[in-house]
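Reading the structure
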Amino acid sequence: MRTISYTEALREALAEELARDPAVFLLGEDISCYGGAFGVTRGLRDRFGTDRVINTPISELSFVGAAVGASLVGSRPVVEIMFMDFVVLAMDQLVNQAAKLHYVFGEQARCPLVVRVVAGAGRSYGPTHSQSLEAWFMHTPGLKVVAPATPADAKAMLKTAIRDDNPVIFIEHKMLYGQKGPVPARGQRPVPFGKARIVTRGNDVTLVAWSWMAAEAEAAAGELAARGVRAQTIDLRSLCPLDIEPVVESVRKTGRLLIVEEGCRTGGISAEIGFQVFEHVYDYLNAPIKRLTTPDVPISASPVLEHAAVPNRERIVAAAMELLGR
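The shown structure was predicted, so the numbers you read here are calculated from the model rather than taken from an experiment.

Turning to the overall build of the protein chain, a few remarks are in order. When you go through the protein chain residue by residue, the secondary structure sums to 12 helices and 14 strands. Expected size for 326 residues packed as a compact globule is a radius of gyration near 20 Å; at 20 Å, the protein chain falls within 12% of this value. When the backbone C-alpha atoms are referred to their principal axes, the protein chain occupies close to 60 × 40 × 40 Å. Out of the 326 residues belonging to the protein chain, those deemed buried represent 57%.

Let us now look at the sheet that holds strand β11 (residues 231-235). One open sheet accounts for 5 strands, arranged β9-β11-β10-β13-β14; its pairing is mixed. Each of the sheet's edge strands pairs with one partner strand only, and the pair in question is β9 (197-200) and β14 (290-294). Sheet twist, expressed as the average angle between the axes of neighbouring strands with direction ignored, equals 25°. Where helix α10 (residues 269-281) meets the sheet, it contacts β10 (205-209), β13 (257-264) and β14, and its direction lies at approximately 155° from that of β13.

Attention shifts here to the sheet that holds strand β4 (residues 76-81). Taken together, 7 strands build an open sheet; the order of strands is β3-β2-β4-β5-β7-β6-β12 and the sheet is mixed. In this open sheet, the two edge strands, each paired with only one partner strand, are β3 (53-55) and β12 (238-240). For this sheet, the mean angle separating the axes of adjacent strands, direction not counted, is 20°. As paired strands, strand β2 (residues 24-28) and β3 are joined by 3 bridges and run parallel to one another. Bridge pairing in β3 places leucine 27 opposite isoleucine 54. Set on the sheet, helix α3 (residues 60-72) makes contact with β2 and β4; between it and β4 the angle comes to about 165°. Across the sheet, helix α7 (residues 151-163) touches β2, β4, β5 (114-119), β6 (144-146), β7 (168-173) and β12, and the angle it forms with β7 is around 160°.

The next thing to look at is the packing of helix α9 (residues 245-254) against α10. Here α9 crosses α10 at 60°, and the two axes come no closer than 10 Å. One way to sum up the angle between α9 and α10 is to call them oblique. The way α9 lies across α10 gives a crossing that is right-handed. Across the interface between the two elements, Val247, Val248, Val251 and Arg252 from α9 touch Val277, His280 and Val281 from α10.

Time to look at unusual backbone geometry. Leaving glycine aside, a negative phi is the common case for residues, and trans is the common case for peptide bonds. Geometrically, the link from cysteine 240 to proline 241 is a cis peptide bond, its omega value of 10° lying close to zero. On the secondary structure map, proline 241 appears in the loop between β12 and α9. You will see that serine 124, though not glycine, has its phi angle at about 60°, which is positive. Given the relative accessible area of 26%, serine 124 is considered partly exposed. Positive phi values are uncommon outside glycine, yet arginine 237 reaches one of about 65°.

Next up on the list: the packing of aromatic side chains. With the rule as written, the count across this model stands at 7 aromatic pairs. Pairing phenylalanine 38 with phenylalanine 83 gives two aromatic rings, centres 5.7 Å apart and planes at 75°, and the pair type is edge-to-face. With phenylalanine 38 in the loop between β2 and α2 (44-48) and phenylalanine 83 in the loop between β4 and α4 (91-98), this residue pair connects regions lying 45 residues apart in the sequence. Like phenylalanine 83, phenylalanine 38 is buried. Judged by centre distance (5.6 Å) and plane angle (70°), the ring pair of phenylalanine 83 and phenylalanine 86 falls under edge-to-face. Here the aromatic residues Tyr6, Phe38, Phe83, Phe86, Tyr125 and Tyr177 are joined through ring pairs into a cluster of three or more.

Together, Val88, Leu89 and Trp136 give the surface a local cluster of nonpolar side chains, amounting to about 290 Å² of exposed area. Mapped onto the secondary structure, valine 88 falls in the loop between β4 and α4.

The next subject is helix α1 (residues 6-20). Over its 15 residues, α1 extends 21 Å from the first C-alpha to the last, a length consistent with the 21 Å expected when each residue adds 1.5 Å. Every buried residue of α1 is listed here: Tyr6, Thr7, Ala9, Leu10, Ala13, Leu14, Ala15, Glu17 and Leu18.

Now for α10. With 13 residues, α10 should cover 18 Å at 1.5 Å per step; its first-to-last C-alpha distance of 18 Å lies within 8% of that length. If you check which residues of α10 are buried, you get Ile269, Ser270, Ile273, Gly274, Gln276, Val277 and Val281. Buried residues of α10 fall within an arc of 165° about the axis and therefore sit on the same side. In this fold, the buried residues of α10 make contact with α6 (134-138), β10, β12, α9, β13 and β14.

A few words on the state of the cysteines. According to the stated counting rule, one finds 0 disulfides in the structure shown. As a non-bridged cysteine, cysteine 240 has cysteine 111 as the owner of its nearest cysteine sulfur, 15 Å distant.

Turning to its location among the elements, phenylalanine 63 is positioned in helix α3. Remark: the alpha-carbon pair of phenylalanine 63 and glutamate 262, spanning 199 residues in sequence, is separated by 28 Å.

Definitions and limits used
Residues numbered from 1 in each chain as written. Predicted model: local features only at pLDDT ≥ 70, side-chain atom pairs only at ≥ 80, totals over all residues. Heavy atoms only, no water. Helix = DSSP H or I, 4+ residues; strand = E, 2+ residues; numbered from the N terminus. Rg over C-alpha atoms; globule rule 2.2 N^0.38 Å. Buried < 20%, exposed > 50% of the residue type's maximum accessible area, 1.4 Å probe, protein only. Pairing = 2+ DSSP bridges. Axes fitted to C-alpha atoms, helices over the stretch in contact; angles between N-to-C directions. Contact = heavy atoms within 4.5 Å. Parallel < 35°, antiparallel > 145°, perpendicular 65-115°, else oblique. Left-handed = near helix turned anticlockwise from the far one by under 90°. Phe/Tyr/Trp six-rings, centres within 6.5 Å; stacked < 30°, edge-to-face > 60°. Patch = residues over 30% accessible without salt bridge, like charges linked within 9 Å, V, L, I, M, F, W, Y side chains within 5 Å. Areas by Shrake-Rupley, 256 points an atom, 1.4 Å probe, with all protein chains shown as cover. Salt bridge = Lys/Arg side-chain N within 4 Å of Asp/Glu carboxyl O. Expected span 1.5 Å × (residues − 1). Arc of directions from axis to C-beta. Disulfide = S-S within 2.5 Å.

Next comes the structure, spelled out in structure tokens:
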């Protein structure tokens, strides 16, 4: 084991997959010479050349469409979308094309496409560079959606995504890029989709989150422990397919559930998780299921207003204590 950053873990995964499989190539805005807006692809052009690390025009619709076409003829493209907000420009290619190809053509077609998107608030980038839109893609049959929260999971799950024969939306929260954690130096295997991660164990309340909110929930669990509250924290990691069973089992034990989501409240993933838990373990609930989300407002460029809108560890602690009636 060695300690590396989330960014370094992603770069290692890309480099190893480029070296392993000649069908893999990267494309996106500024990913070649510049190394991407957040530096993930830095140095890969020098190792693998400009025919496999390809700069694109500022046209998400065109280069995502080109990647869909390339996947149909045997390549495994990995697309970088500079900010998740810009993925709306390629929604037709993803939702109406990539997601539907297997359903329409069966064994005649596969679409091994990875779309890396940079999501989330925290840097005061404003309403068009700070959104968490994963619920849109979770609502689309045919797309897989993953959002790892640790460097080890980022590396392992990116490998899984590249080797998958289906289109994968791979969510990277911009606040995670600098986070460091242990990652195996060699021999790390891909992590299968549809498997949640138990972060902390406890009997008092269940905390469920993903991506940056999983990191905040883990920190909140530490603060709750100092107050004598034992929280079981679950990092979903994979949103589609969704591993609901560990959540259900935890709520059977704790009787209380808090779901933390950075996306907007209405129509969010937290609502889906909450209702699935309600269907499975209604009789075990000792308090109403609680959601902690961003309100139904655009993210402000003002640091003060951004902080006021987005969930954080302090609000998670307060919401958990409220669930416990303390």
